[in-house]
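Geometric and topological summary
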Amino acid sequence: MTDHATAPHPAVPSSPSSPSSRYTDGPRLLADIGGTNARFALETAPGQAGLIDVLPCANYPTLADALRAYLGSPKVVAAGVAGLRHAALAIANPITGDMVRMTNHHWEFSIAALRLECGFETLEVVNDFTALARALPHLADGQKQQIGGGAARAHTPLGLVGAGTGLGVSGLIPAGDSWTALLSEGGHVTFSPANETEVAILQYAWRQYEHVSAERLLSGDGIELIYRALAQHAGQAAQELDAPEISRRALAGECALCDRAIEAFCGMLGTVAGNLAITLGAQGGIYIGGGIVPRLGERFARSCFRTRFEQKGRFVNYLAQVPTFVITADYPAFLGVSAVLSEKLGR
Ligand SMILES: Nc1ncnc2c1ncn2[C@@H]1O[C@H](COP(=O)(O)OP(=O)(O)OP(=O)(O)O)[C@@H](O)[C@H]1O
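If you look the protein up in an unreviewed UniProt entry, it shows as Glucokinase from Massilia atriviolacea. Per its UniProt entry, the protein bears the Catalytic activity (unreviewed entry) comment "D-glucose + ATP = D-glucose 6-phosphate + ADP + H(+)". In its Sequence similarities (unreviewed entry) section, the UniProt record describing the protein reads: "Belongs to the bacterial glucokinase family."

The secondary structure content of the protein amounts to 14 helices and 13 strands. Against the globule reference of 20 Å for 347 residues, the protein gives a C-alpha radius of gyration of 20 Å, in line with a compact fold. The principal-axis extent of the C-alpha atoms belonging to the protein is close to 60 × 45 × 35 Å. Considering the protein as a whole, with its 347 residues, one finds that 47% of them fall into the buried category.

Moving on, we get to the sheet that holds strand 8 (residues 144–146). Note on sheets: strands pair through backbone hydrogen bonds, and any given pair is parallel or antiparallel. Overall, mixed pairing links the 6 strands, which are arranged 8-13-12-9-10-11 in an open sheet. Two strands in the sheet have a free side with no partner beyond their single neighbour: strand 8 and strand 11 (178–181). Neighbour-to-neighbour, the strand axes of the sheet open up by a mean angle of 25°, direction not taken into account. Two elements, strand 9 (residues 158–163) and strand 12 (residues 286–289), share 4 bridges in a ladder whose sense is parallel. Residue pairing in the sheet places V161 in a bridge with I288 of strand 12. Contacts from helix 4 (residues 128–135) reach strand 9, strand 10 (167–175), strand 11 and strand 12, with the element oriented near 45° to strand 10.

Note: α-helices contain 3.6 residues per turn, so residues at a spacing of three or four share the same orientation. Within helix 1 (residues 63–71), the full set of buried residues consists of L63, A66, L67 and Y70. Each buried residue of helix 1 sits inside an arc of 100° when the element is viewed along its axis, so together they form one side. On its buried face, helix 1 sits against strand 1 (28–33), strand 2 (37–45), strand 3 (48–56), helix 2 (74–78), strand 6 (108–110) and helix 3 (111–118).

As a structural note, the neighbourhood of the ligand is formed by 21 residues, with G34, G35, G164, G220 and G291 the closest of them. Those elements giving two or more residues to the shell around the ligand turn out to be helix 7 (220–233) and helix 8 (243–252). Take the shell around the ligand: its biggest share by element is 3 residues, from helix 8. A class-by-class count of the residues in the shell around the ligand yields 5 nonpolar, 13 polar and 3 charged.

With that settled, the discussion passes to the sheet that holds strand 4 (residues 86–91). Spatial strand order, 3-2-1-4-7: 5 strands in an open sheet with mixed pairing. Looking at the sheet topology across the chains shown, the edges are occupied by strand 3 and strand 7 (122–127). Ignoring strand direction, the axes of neighbouring strands in this sheet form an average angle of 15°. Its contacts with the sheet put helix 1 on strand 1, strand 2 and strand 3, and the angle it makes with strand 3 is roughly 125°. Helix 4 rests against strand 1, strand 4 and strand 7 of the sheet, and its axis sits at about 90° to strand 7.

Here the UniProt feature "binding site: ATP" (unreviewed entry) sits at A31, D32, I33, G34, G35 and T36. Looking at where D32 falls in the secondary structure, it is placed in strand 1. With respect to the secondary-structure elements, I33 resides in strand 1. The residues touching I33, leaving out its near neighbours within four places in the chain, are A38, L63, L89, A90, I91 and A92.

Assigned domains within the protein: domain 1 (19–134) and domain 2 (142–328). Here the C-alpha centroids of domain 1 and domain 2 sit 28 Å apart. Contact with domain 1, which involves 14 residues of that partner, is made by 16 residues of domain 2. Element by element, the count of residues in the side of domain 1 that touches domain 2 is highest for helix 4, at 6 residues.

Looking now at the nonpolar core. If you look at soluble globular proteins, the nonpolar side chains tend to sit buried side by side. By size, the foremost hydrophobic cluster in this structure holds 99 residues, and its most contacted members are I226, A261 and F265. Both domains that meet at this core, namely domain 1 (19–134) and domain 2 (142–328), each give it at least three residues. What F265 contacts, discounting residues up to four positions off in sequence, is L218, I223 and I226.

The rules we used
Throughout, residues of each chain are indexed from 1 in the direction in which the sequence is written. In view of the model being predicted, local features appear only for residues whose pLDDT reaches at least 70, and side-chain atom pairs are presented and counted only at 80 or more, with totals across whole chains, interfaces and linings using the full set of residues. UniProt positions are given in the numbering used here, feature names are shortened, and annotations may be inferred rather than shown by experiment. Here a strand is any run of E in DSSP of at least two residues, a helix any run of H or I of at least four, and the numbering for each starts at the N terminus. Here the radius of gyration uses the C-alpha set of atoms, whereas the globule reference equals 2.2 Å times the residue count to the power 0.38. Whether a residue is buried, exposed or partly exposed follows from its count of other C-beta atoms within 10 Å of its own C-beta, namely 20 or more, 12 or fewer, or something in between, respectively; the C-beta atoms are built from the backbone. Two strands qualify as a pair provided DSSP detects at least 2 bridges between them. Angles here are taken between N-to-C directions and fall from 0 to 180 degrees, while the axes themselves are lines fitted to C-alpha atoms, restricted in helices to the stretch in contact. Contacts are defined on C-beta atoms placed from the backbone: any two residues whose C-beta positions lie within 7 Å are in contact. Working note: the arc is built from the helix axis to C-beta atom directions. Only the C-beta atom matters for nearness: placed from the backbone, it must lie within 6 Å of the molecule or strand for the residue to count as near. As a working rule, the residues Ala, Val, Leu, Ile, Met, Phe, Trp, Tyr, Cys and Pro are called nonpolar, Asp, Glu, Lys and Arg charged, and the rest polar, with Gly in that last group. The domain limits used here are those given by an automatic or database domain assignment. In this usage, the nonpolar core is the set of buried Ala, Val, Leu, Ile, Met, Phe, Trp, Tyr and Cys residues whose C-beta atoms join them within 7 Å.

In structure tokens form, the structure reads like this:
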């Protein structure tokens, strides 16, 4: 899949971009690297990211190859961009040192070597959900959809959870006049079933995994696992369906089993989001990102997600107040990556 956007993208709120606000040291490269898709953009002025491309990770042996393909694409070449000095990457991984090995893809690289290979003066590498968390306070009303709860309480933490190839988790903690974004690996917490159907799904998953994390079920592969588990539980034959096809059939009303799988996925996400809300005290709200939920559209809004979010025994009244939002902006991580790079460069 390739996605083209040559104009500054509305996912990135624009600040006035007079020629004088353009970066004097040239455009900056921004990237958001997931287990399935690598998204690239060039930012010419604060909040002005354009020339966006989405490249499938599987088509490139290394991240450097994908990066070169983007920079060599006709539209980037036509834009006359050469000698990029500053770049920042958000990647679906913990960043603990110079070597980065992706959890959900085979790419691995040294940050220092990649910087030299690409000739960048600056190369910042951050966890993708830490970067996305930085974007949350900047999302405009049209870039998020509230699903239940009351008003966000100011000066309280925000939580972030997003299902895609994996399950990303982060939080944003108020710190004086600014925020601290958490580097979390909360997608790997142990899955906790909340009803008998989910116990059956867990038992099915145990045959495959010794440790069933939340990510094993709340991800693209997870939807496929849930579908197979429900088929077995119902004594039906499962078809060979991938996650996009399961959700397509569910949304089209073509397959009752697919619909049950999507409903179970939404319920489990409700439990995980509620756990995050009470763990962080996130009365500023829980934000749902990642590649899957925004594609479910209204099916997600009318699912059991919100009921399950609040279903915490004595904490039901507390959680009923906490708003939950689906991030609907197309490329929200670029906002956060841009903020990280600007902070690094001190401008
Ligand atoms: N319509 C859909 N319904 C359900 N799952 C989908 C749909 N479209 C894509 N997926 C699944 O979403 C996953 C890709 O998610 P996403 O677009 O967030 O990629 P990513 O950013 O590379 O992932 P991550 O950041 O989690 O590593 C794949 O597992 C894919 O099967």
